[in-house]
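# Per-entry structural report
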Amino acid sequence: MKYDISIYMHEMGFLTIDVPDQIFLVHDLVTSDIQEGGAGIWLEVINKVLSKESSYEEITGNVCTMEVNYEVTNIIFEYAEEGEEDHCLIETEELKQIFMLWDEAIEKKHGENSFYR
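This write-up is about the structure you can find in this document. (Residues numbered from 1 in each chain as written. Predicted model: local features only at pLDDT ≥ 70, side-chain atom pairs only at ≥ 80, totals over all residues. Heavy atoms only, no water.)

## Overview of the pattern of salt bridges
Operational definition: Here a salt bridge means any side-chain nitrogen of Lys or Arg lying within 4 Å of a carboxyl oxygen belonging to Asp or Glu. Think of it this way: any DSSP run of H or I at least four residues long counts as a helix, any run of E at least two long counts as a strand, and we number them from the N terminus. Note on classification: 1.4 Å probe, protein chains only; a residue is buried when its accessible area is under 20% of the maximum for its type, exposed when over 50%, partly exposed between these limits.
A full pass over the atoms with the stated rule returns three salt bridges. Residue K2 pairs with E91 through a salt bridge whose shortest N-O separation is 2.6 Å. Pair noted here: K2 is in the segment before β1 (6-9) and E91 is in strand β6 (residues 87-91), with a separation of 89 residues, a long-range link. A relative accessible area of 55% means that K2 is categorised as exposed. E91 gets classed as partly exposed once you look at its relative accessible area, which sits at 25%. A salt bridge links E57 to K48; the shortest N-O distance between them is 3.7 Å.

## Regarding the packing of aromatic side chains
Both the distance between ring centres and the angle between the ring planes are used here to describe each pair of aromatic rings. Threshold: In this analysis, rings of Phe, Tyr and Trp, with Trp reduced to its six-membered ring, are considered paired at centre separations within 6.5 Å, and the interplanar angle assigns stacked below 30 degrees, edge-to-face beyond 60, and tilted for intermediate values. Criterion for a charge above a ring: Arg CZ or Lys NZ at most 6 Å from the ring centre, at most 35 degrees from the ring normal.
By the definition in use, this model includes one aromatic pair. Taking the centre distance of 6.3 Å and the plane angle of 75° together, the rings of F77 and Y79 count as edge-to-face. Using a relative accessible area of 21% as the deciding quantity, one classes F77 as partly exposed. The ring of Y70 carries the charged tip of K52 above its face, separated from the ring centre by 4.9 Å.

## As for a negative patch on the surface
So the rule is basically this: Only residues whose relative accessible area exceeds 30% and that take part in no salt bridge are eligible for patches, with like-charged residues grouped when within 9 Å of each other and nonpolar side chains (Val, Leu, Ile, Met, Phe, Trp, Tyr) grouped when within 5 Å. Surface accessibility follows the Shrake-Rupley procedure with a 1.4 Å probe radius. Residue values consider only the protein chains on display as shielding. For the purpose of counting charges, residues Lys and Arg are taken to be positive, whereas Asp and Glu are taken to be negative. His and the chain ends are not included. A charge is said to be at NZ when it belongs to Lys, at CZ for Arg, at CG for Asp and at CD for Glu.
Residues E58, E78, E81, E84, E85 and D86 make up a contiguous surface patch of negative charge. What makes E58 partly exposed here is its relative accessible area of 45%.

## Digging into helix α1 (residues 25-34)
Rules: The directions considered for the arc run from the helix axis to the C-beta atoms. Whether two residues touch is decided by their heavy atoms; if any such pair falls within 4.5 Å, the residues are in contact.
L25, V26, L29, V30, D33 and I34 are the residues of α1 that are buried. The buried residues of α1 occupy one face: seen down the axis, they fall within an arc of 140°. Those residues of α1 hidden inside the fold are in contact with β2 (15-18), α2 (40-50), β4 (64-69), β5 (72-77), β6 and α3 (92-110). Phi for Q35, located one or two positions after α1, is positive at around 55°.

Encoded structure:
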């Protein structure tokens, strides 16, 4: 994996993720849109493009939009204020790996048959 990320239990009892500044919106995407329900549909969209079933997919959650291309995914923060950075790019395969790590962390926390899965 190219990026140094850390997924851990926040002192308030929920999972969180630390990511490098260059992919800062991965944090918002994971903790606000995906949360502890798992990557599910977000991962399906990535897999659709990586398998070349589709050349481009777009999905919008509560906070972020993900524009998925084969090589690179653009994550857009929908509520950026004027002058604030509103997007970041990440290699699509790297984002898939982060989503998979996030799902593993959820499974460790809640168990395979939990409500959250």
